[in-house]
Amino acid sequence: ARASLAFFLGGLAASIRFTALAAYLPIGILLALQKERFASKIMYLLNPCAIFGILGIFGAMGVDRFFFGFWTIPFLGNFHFNVVLDYADLYGSHPWYWNFTAAMPVVTGLLLPFGIFDIKRTVQNGQEGMRNLWIVVFCYLGIMSFNGHKEFRYVLPILPVFCLLAGQRLGIFASSVGGGRRLFLMGLFVLANLIALTYLGLFHQSGAISVNQWIISDAFGHSARQDFSIHYLTGACHSTPLHSHLHAPPLKFTTFTLDCSPLCRADPNLTCETDQFRIDPVKFLTESVNGQCSAKDETCASSTSDIDLDYVVTMSPYVDLIQPLLLEMGLREVKYFPHSINGAMVGGVVVGDEFKSGSFRHFKLLHGVEISLEEMVVFALT
């Protein structure tokens, strides 16, 4: 019964994101291999693995049918985009070993040494349960390594399994240390994680959310208006969460973002709007405002000549370049939002190639410690 429920949930998970199969397939195979007879192995792969997995997919289809009003299988679109068309690689790629050498060390943090030590102990002791869990972890990482486009978030599904395995070894280590030293090491471990949690949760790339929150509060100050337009000229793809952070009835926001769709990325003869803006922000903005773009495809910026620009959001390196044109349009710089640390200097040692750039503001934290910030800047109609 537990296996049937597990693979039913696996079908639901695969319906949400088909890469869940990279974990559930090795689980099914490992459980089937525990059967003695070959026929029993095959039957186990069919029932419960395949049958209840398919039932989970049908269950997810039923939920989608209820909410969408029509039958659909969303994960097939994800599979077609990322695997069949291989469009994900258009947004960056890494070598096959990146998941092992970069993603896992970053995601697991201080638990990594305990995980490595647990692998060694598991191999030496031959613990079947722990061994199978490590096989699932490595199978998932290996399967995901076939995809050229890799991100840290892609390995998060196996983080709970890794924490379970590494945590066991951490507990054994903690119990072997004396009381005072144990408390010191535990405090050090917690402090290090709290520092990372605080920085990543509250500061790192937080400008993308803060800027939308400020725009909403400012828009509510215009009691006579409900419709506003926002242009995000950040020179990057997916730089801000749009409508998920702009739901504020009765206010309505019309948004414009720089195009970086697969249509332009896959065609070597086209230049995406993100690249056009980075190459020459003034020219791009001028053509957009005056409707001078003559391209016959989606990479031509929508003309804003007939639209009242209420807000323009950009990144600090572009401010000096486009500010004169925005001033002519009646838009003035009103707010800066810290977004990310792009460089630091500690005791005369500089970290980050852009630290000395005049496009970023610098802040001194302590004696001999200085950081440079990339910021999101809002221009508003005044």
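Only a predicted model underlies this, so the values are computations on that prediction, with no experimental measurement involved. (Residues numbered from 1 in each chain as written. Predicted model: local features only at pLDDT ≥ 70, side-chain atom pairs only at ≥ 80, totals over all residues. Heavy atoms only, no water.)

1. Side note on the overall build of the protein
Part 1 of the reasoning: When helices and strands are counted, the protein shows 14 helices and 7 strands.
Part 2 of the reasoning: Its C-alpha atoms give the protein principal-axis dimensions of about 80 × 60 × 45 Å.
Part 3 of the reasoning: When burial is assessed residue by residue, the protein has 35% of its 382 residues classed as buried.
Part 4 of the reasoning: Restricting the contact set of the protein to residue pairs at least 6 apart, pairs at least 24 apart contribute 69%. (Helix = DSSP H or I, 4+ residues; strand = E, 2+ residues; numbered from the N terminus. Buried < 20%, exposed > 50% of the residue type's maximum accessible area, 1.4 Å probe, protein only. Contact = heavy atoms within 4.5 Å.)

2. Some points on the nonpolar core
Part 1 of the reasoning: Counting residues in hydrophobic clusters, the biggest one holds 37 residues, and the most contacted among them are Ile215, Ile230, Leu233, Phe253, Tyr311 and Val313.
Part 2 of the reasoning: Elements with a contribution of two residues or more to this core: helix 10 (207-220), strand 1 (227-233), strand 2 (252-257), helix 13 (281-290), strand 3 (311-315), helix 14 (316-328), strand 4 (331-346) and strand 7 (369-381).
Part 3 of the reasoning: Here this core gets 6 residues from one element, more than from any other, and that element is helix 10.
Part 4 of the reasoning: With sequence-adjacent residues up to four places away left out, Ile230 is seen in contact with Ile215, Leu246, Phe253, Thr254, Thr255, Phe256, Tyr311 and Val313.
Part 5 of the reasoning: Ranked by size, the runner-up nonpolar core spans 21 residues in total, among them Phe114, Met144, Ile158 and Phe162. (Core = buried A, V, L, I, M, F, W, Y, C linked by side-chain atoms within 4.5 Å.)

3. Describing the confidence of the model for the protein
Part 1 of the reasoning: Scored by pLDDT, the protein comes out at a mean of 89, with 95% of its residues at no less than 70.
Part 2 of the reasoning: A low-confidence stretch, residues 301-306 stays under pLDDT 50, and its non-local contacts, those more than four residues away or across chains, total 17 contacts. (pLDDT = per-residue confidence, 0-100.)

4. Let's talk about a nonpolar patch on the surface
Part 1 of the reasoning: Taken together, the side chains of Ile29, Leu33, Phe38, Ile42, Met43, Leu45 and Leu46 present a nonpolar region at the surface, about 690 Å² in accessible area.
Part 2 of the reasoning: Counting only elements with at least two residues in the nonpolar patch, the list comes to helix 2 (21-33) and helix 3 (38-68).
Part 3 of the reasoning: With 5 residues, the top contributor of residues to the nonpolar patch is helix 3.
Part 4 of the reasoning: Relative to the assigned elements, Met43 resides in helix 3. (Patch = residues over 30% accessible without salt bridge, like charges linked within 9 Å, V, L, I, M, F, W, Y side chains within 5 Å. Areas by Shrake-Rupley, 256 points an atom, 1.4 Å probe, with all protein chains shown as cover. Salt bridge = Lys/Arg side-chain N within 4 Å of Asp/Glu carboxyl O.)

5. Topic: the packing of helix 1 (residues 2-16) against helix 2
Part 1 of the reasoning: Taken N-terminus to C-terminus, the directions of helix 1 and helix 2 make an angle of 155°; their axes are 10 Å apart at the nearest point. Looking at the two axes, helix 1 sits roughly antiparallel to helix 2. As for how helix 1 packs across helix 2, the hand of that crossing is left-handed. Here helix 1 contributes Ala6, Phe7, Leu9, Gly10, Ala13 and Ala14 to the contact with helix 2, which in turn contributes Leu21, Tyr24, Ile27, Gly28 and Leu31.
Part 2 of the reasoning: Along the lines of polarity and charge, the residues of the contact of helix 1 with helix 2 split into 9 nonpolar, 2 polar and no charged. (Axes fitted to C-alpha atoms, helices over the stretch in contact; angles between N-to-C directions. Parallel < 35°, antiparallel > 145°, perpendicular 65-115°, else oblique. Left-handed = near helix turned anticlockwise from the far one by under 90°. Nonpolar A, V, L, I, M, F, W, Y, C, P; charged D, E, K, R; others polar.)

6. So, the packing of helix 2 against helix 3
Part 1 of the reasoning: Between helix 2 and helix 3, the least distance of the axes is 8 Å, while the angle of their chain directions is 135°. In this view, helix 2 runs oblique relative to helix 3, as classed from their interaxial angle. You can see that helix 2 and helix 3 cross each other, and the crossing is right-handed. Residue-level inspection shows Gly28, Ile29, Leu31, Ala32 and Leu33 of helix 2 in contact with helix 3, the latter providing Lys41, Tyr44, Leu45 and Cys49.
Part 2 of the reasoning: Among the residues making up the contact of helix 2 with helix 3, the classes are represented as 7 nonpolar, 1 polar and 1 charged.

7. Points about the layout of surface pockets
Part 1 of the reasoning: For the largest pocket, the calculated volume is near 1,500 Å³.
Part 2 of the reasoning: Surrounding the largest pocket, 48 residues form its lining, Glu151, Phe152, Arg153, His204 and Gln205 being those nearest its centre.
Part 3 of the reasoning: Taken together, the elements giving at least two residues each to the lining of the largest pocket come down to helix 4 (74-84), helix 5 (98-108), helix 9 (179-203), helix 10, helix 14, strand 4 and strand 7.
Part 4 of the reasoning: Of all the elements, helix 9 adds the most residues to the lining of the largest pocket, at 9 residues.
Part 5 of the reasoning: Across the lining of the largest pocket, the residue classes break down as 27 nonpolar, 16 polar and 5 charged. (1 Å grid on protein atoms, 1.4 Å probe; cavity = no way out; pocket = protein on both sides within 12 Å on 5 of 7 lines; lining within 4 Å. Points joined across faces, edges and corners; volume = space filled by probe spheres on them.)

8. A few points about the packing of aromatic side chains
Remark: the centre distance and the inter-plane angle together describe each pair of aromatic rings, the angle taken between the planes.
Part 1 of the reasoning: Summed over all chains, the structure comprises 16 aromatic pairs.
Part 2 of the reasoning: Taking 5.5 Å as the distance between ring centres and 75° as the angle between the ring planes, the aromatic pair formed by Phe81 and Tyr87 counts as edge-to-face.
Part 3 of the reasoning: Between Trp134 and Phe138, the aromatic rings sit 6.1 Å apart at their centres with planes inclined by 40°, giving tilted as the arrangement. Of this pair, Trp134 and Phe138 both sit in helix 7 (residues 128-144), 4 residues apart, roughly one helical turn.
Part 4 of the reasoning: Ring pairs connect the aromatic residues Phe100, Trp134, Phe138 and Phe162, which therefore count as one cluster.
Part 5 of the reasoning: Its end group placed over the ring of Tyr336, Arg361 keeps NZ or CZ at 4.7 Å from the ring centre. (Phe/Tyr/Trp six-rings, centres within 6.5 Å; stacked < 30°, edge-to-face > 60°. Lys NZ or Arg CZ within 6 Å of the ring centre and 35° of its normal.)

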